[in-house]
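Descriptive analysis of the structure
What follows is each chain in one-letter form.
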Amino acid sequence: MIKSILMVVTFVSLTLYAADKTPGYNYVIPSEIMTPDKVETSIGTLEFVDGMPTDATAQKAYDYLDTSRVVKAFLDAIPMASLEALRNGLAKFGASKSNQVVIFDQLMDSAPLFLTGNTDTVYVSVFLDLEKDGPTIVEVPPGSGPGTVNDAFFRFVTDMGAVGPDRAKGGKYLILPPDYEGDLKYKEGSATVEMEIEGKMETVYVSKSTTYTNWVIIRGFLVDGKPDASSKMFREGLKVYPLVKASNQPKMEFIAASHKSFNTIHANNEYFFKEINHVIQKEPIEFLDPELRGLLASIGIQKGHDFKPDKRMQKILKDGVAIANATARSLYFAPRHKQIYIYPDSQWKTAFAGGDYKWLINKGNGGRNLDARTSFFYIATVNTPAMVLKLIGKGSQYAIIDRDTKGEYFKGDQTYKLTIPPNVPAKNFWSVVVYDPQTRSELQTSQPYPSKNNKKEGLITNPDGSVDLYFGPKAPKGKEGNWIQTQPSKGWFTCLRLYGPTEAWFDKSWRPGEIEKIK
């Protein structure tokens, strides 16, 4: 009896299940794993033959895949392309060896194209080639301001000068190449080592880079509002030489760059990929992780191979880089993430969204904030913890703004006002510099230095200690000393810098005014 009941139940169950089965199958197949014969998407209609793509659909899919990889390659490789553009630009300017230093004796004016450079410190810039020279010594003179070494992907290697381990007292820094296998100890940010140089024991700050190419950038402060003392300090005290030539150092060459026009900014078109291909061929394969190497290889950039895109890929590179460039510009100038804003009710933005120089989310538990990294390197250079850590009276802090109180981009044919409240939390000085949104470099007008700072003469201070700055094509009457000229046919944005920031900046008890349009 029981056996008969089981047979009936089983028969009924199979009959009902078979009635509900998916056509062409013996059982019900979940719809979410199936592909319809026709699908409407943003890249057009995609057609399939029982799940197998037609030739036309496969071509659409591959075109989209390659385009998306081009977009991602641009966004992820901006740090690498930016540093390569700097290296190439300075090499064309005459600084192709480690003993050749580009120096802005008369400060950086608007002639060179240089991502958000400042007009208020004396820059010295040196590129190291550790593949050619091996371990290299950088002697930093006493009194140096903030200095940093970045590798070929703009990753932090070490600080120098005011924010480095020498604490502006001067010192020797040894940068080891990625293939170094000796006994010297090293760490990110430099290990302090006693070693013999030229027959005597020296205290040396040792770092090991992940790449052969490294950029050394150091700033010198104004003294009595003038650059002369810092210029003299660097020309007499800065030395760069291979460790093996410590007893026979090459003569230093200083190349004056103030008021000279040259480019250090990466391309925004398909030439961008030639820039990064040069880096891939130059550097050790391990300097990028397999994931990023694979991404670049998927669009034809691979170490040991020629980069020769065919006509189809050339078209995709051109299209993809245009989309990527628009994306990079949107990430900074039209951000969708609120964490980039310094204050909740303000247009002032930080350069380091998330407050981490490695762009790690929650100490890496949330991965890397790729959008924040792209945003930073599209408008800026130099990567150092000193820009994000709370270093009272040391380092520097930045605030950038490109919209007025109504949320509209600044226009060069309009006049605007910014109030800098009294008691600015800057131990050394503060400055405001205006930039061109196209080049992200200093705005070019009849004013060679599109900026104001509290160390220069002529700045008008209000009775309460505040300062009103004006931006526009013409100076408001009686405000010439506080006026920064704009170009009527262009937009602009500006950066507030605090050198030696104090507690009131970090706790936000002091904040700059918003920029408002005035008549």
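One numbering rule holds for all chains: residues counted from 1, following each sequence as written. Residue-level local features of this predicted model are given only where pLDDT is at least 70; pairs of side-chain atoms are given and counted only at 80 or more, and the full residue set underlies all totals for whole chains, interfaces and linings. Water and hydrogen atoms play no part in the side-chain values, which are based on all heavy atoms of the structure.

**With respect to the overall build of the protein chain**
Helix and strand counts for the protein chain stand at nine helices and 23 strands. Overall size of the protein chain, expressed as C-alpha extent along the three principal axes, is 105 × 65 × 55 Å. Burial status across the protein chain gives 51% buried among its 519 residues. We call two residues in contact whenever any of their non-hydrogen atoms come within 4.5 Å of each other. Residue pairs in contact within the protein chain that sit at least 24 positions apart in sequence constitute 71% of those at least 6 positions apart. Surface accessibility of the protein chain: about 24,700 Å² in total, with carbon and sulfur atoms responsible for 53%. Once the 63 positive and 59 negative side-chain charges of the protein chain are each reduced to a mean point, those two points are 3 Å apart. Under the DSSP-based scheme used, a helix requires at least four consecutive residues in state H or I and a strand at least two consecutive residues in state E, with every element numbered from the N terminus. Type-normalised accessible area, obtained with a 1.4 Å probe on protein chains alone, sets the label of each residue: buried when under 20%, exposed when over 50%, and partly exposed for intermediate values. The protein chains shown are the only cover counted for residues, whose accessible areas, like all others here, come from Shrake-Rupley with a 1.4 Å probe. His is not counted here, nor are the chain ends, while Lys and Arg score as positive and Asp and Glu score as negative. For charged residues, the charge sits on one atom: NZ in Lys, CZ in Arg, CG in Asp, CD in Glu.

**Quick word on the nonpolar core**
Take the buried residues of types Ala, Val, Leu, Ile, Met, Phe, Trp, Tyr and Cys, join any two whose side-chain atoms come within 4.5 Å, and each joined set is a nonpolar core. In this structure, Phe74, Met80, Trp215, Phe272, Phe273, Ile276 and Leu296 are the most contacted members of the largest nonpolar core, which totals 72 residues. When residues in this core are grouped by element, the largest group, 12 residues, is from helix α2 (residues 55-92). Not counting the four nearest positions on each side in its chain, Phe273 is found in contact with Val70, Ala73, Phe74, Ile299, Ile301, Phe307, Leu317 and Val321.

**Quick word on the sheet that holds strand β10 (residues 191-197)**
Should DSSP find at least two bridges between two strands, the strands are taken to pair. Spatially, β10-β11-β9-β6-β13 is the arrangement adopted by the five strands of the open sheet, whose pairing is mixed. Across the chains shown, the open sheet's two edge strands, defined by having one partner strand only, are β10 and β13 (239-242). Going across the sheet, the axis of each strand differs from the next one's by a mean of 35 degrees, ignoring polarity. Relative to β13, strand β6 (residues 136-140) runs antiparallel, the two sharing four bridges. The residue bridging Glu139 from the neighbouring strand is Lys239, located in β13. Only the stretch in contact is used when fitting a helix axis, every axis being a line fitted to C-alpha atoms; angles between N-to-C directions are given from 0 to 180 degrees.

**Examining the confidence of the model for the protein chain**
A residue's pLDDT is the confidence the predictor assigns to it, expressed on a 0 to 100 scale. With 96% of its residues at a pLDDT of 70 or more, the protein chain shows a mean pLDDT of 95. Low confidence marks residues 8-16, where pLDDT is under 50. Its contacts with residues over four positions away, or in another chain, come to zero contacts.

**Things to note about the pairing of strand β20 (residues 467-472)**
Counting buried residues in β20 gives six out of six residues, a clear majority hidden from the surface. With burial as the criterion, each face of β20 is covered, one bearing Val467, Leu469 and Phe471 and the other bearing Asp468, Tyr470 and Gly472. With three bridges connecting them, β20 and strand β21 (residues 483-485) associate as parallel partners. In the strand pairing of β21, Phe471 is matched with Ile484.

**Regarding the packing of helix α7 (residues 311-333) against helix α8 (residues 370-379)**
Two quantities define a packed helix pair, namely the angle between the axes and the distance from one axis to the other. Orientation of α7 relative to α8, taken along the N-to-C sense of each, is 95 degrees, at an axis distance of 8 Å. Of the possible angle classes, the one that applies to α7 and α8 is roughly perpendicular. Across the interface between the two elements, Asn325, Ala328, Arg329, Leu331 and Tyr332 of α7 pack against Asp371, Thr374, Ser375, Tyr378 and Ile379 of α8. Under the scheme applied here, ten amino acids are nonpolar (Ala, Val, Leu, Ile, Met, Phe, Trp, Tyr, Cys and Pro), four are charged (Asp, Glu, Lys and Arg), and all others, including Gly, are polar. Classifying every residue of the contact of α7 with α8 by side-chain character gives five nonpolar, three polar and two charged. Angle categories: roughly parallel below 35 degrees, roughly antiparallel above 145, roughly perpendicular from 65 to 115, and oblique for all the rest.

**Section: unusual backbone geometry**
Residues other than glycine seldom take positive phi values, yet Thr116 does so here, at roughly 35 degrees. In this structure, Thr116 sits in the loop between β4 (100-103) and β5 (122-129). On the basis of relative accessibility, which here comes to 10%, the residue Thr116 falls in the buried class. Here the phi dihedral of Phe154 falls at roughly 60 degrees; this positive angle occurs in a residue that is not glycine. The residue Phe154 is located in the loop between β7 (146-151) and β8 (156-161) in this model. A relative accessible area of 1% places Phe154 in the buried class.

**A look at the sheet that holds strand β14 (residues 253-256)**
Spatially, the six strands line up as an open sheet ordered β8-β7-β12-β5-β4-β14, and their pairing is mixed. This sheet does not close on itself; its edge strands, each paired only once, are β8 and β14. Put simply, the sheet's adjacent strands are angled 20 degrees from each other on average, direction ignored. Sheet topology note: the β7/strand β12 (residues 213-220) ladder contains five bridges and is antiparallel. In the strand pairing of β12, Asp151 is matched with Asn214.

**What about the pairing of β8?**
Within β8, six of the six residues are buried, leaving the element largely enclosed by the surrounding structure. Strand direction decides the pairing type here: β7 and β8, joined by five bridges, are antiparallel. Bridged to Val149 within β8 is Thr158. Here β7 folds back onto β8 in antiparallel fashion, the turn holding four residues, of which Phe154 has a positive phi close to 60 degrees.

**A look at a nonpolar patch on the surface**
Only residues whose relative accessible area exceeds 30% and that take part in no salt bridge are eligible for patches, with like-charged residues grouped when within 9 Å of each other and nonpolar side chains (Val, Leu, Ile, Met, Phe, Trp, Tyr) grouped when within 5 Å. Salt bridge criterion: a side-chain nitrogen from Lys or Arg within 4 Å of a carboxyl oxygen from Asp or Glu. Nonpolar side chains collect at one region of the surface, where Tyr25, Ile33 and Met34 lie side by side and expose about 280 Å² of accessible area between them. By the secondary structure assignment, Tyr25 is in the loop between α1 (2-19) and β1 (38-41). Exposure remark for Tyr25: the relative accessible area of 34% places this residue in the partly exposed category.

**Quick look at the pattern of salt bridges**
The final tally for this structure, using the stated rule, is 22 salt bridges. One salt bridge in this structure joins Glu236 and Lys232, with 3.1 Å as the shortest N-O distance. With Glu236 and Lys232 both in helix α4 (residues 228-237), this residue pair falls four residues apart, about one helical turn. The class of Glu236 is exposed, set by a relative accessible area of 56%. The partly exposed category is assigned to Lys232, whose relative accessible area is 48%. One connected set of salt bridges, linked through shared partners, spans Glu139, Lys172, Lys200 and Glu202.

**Comments concerning α8**
With eight of 10 residues buried, α8 lies mostly within the body of the structure. Buried-residue contacts for α8 involve α2, α7 and β15 (396-401).

**Structural notes on helix α6 (residues 290-298)**
Taken together, the buried positions of α6 are Leu292, Leu295 and Leu296. Looking straight down α6, one finds that the buried residues subtend no more than 95 degrees of arc, so they occupy a single side. Between N or O atoms, a polar contact is any pair within 3.5 Å; within protein, one atom must be a potential hydrogen donor and the other a potential acceptor, and residues adjacent in sequence are included only when both atoms are from side chains. One side-chain oxygen of the residue at the start of α6 lies 3.0 Å from the amide nitrogen of Glu291, identifying that residue as Asp289. Remark: Gly300 follows α6 within two positions and exhibits a positive phi of approximately 100 degrees. Each C-beta atom gives one direction from the helix axis, and the arc is the one those directions make.

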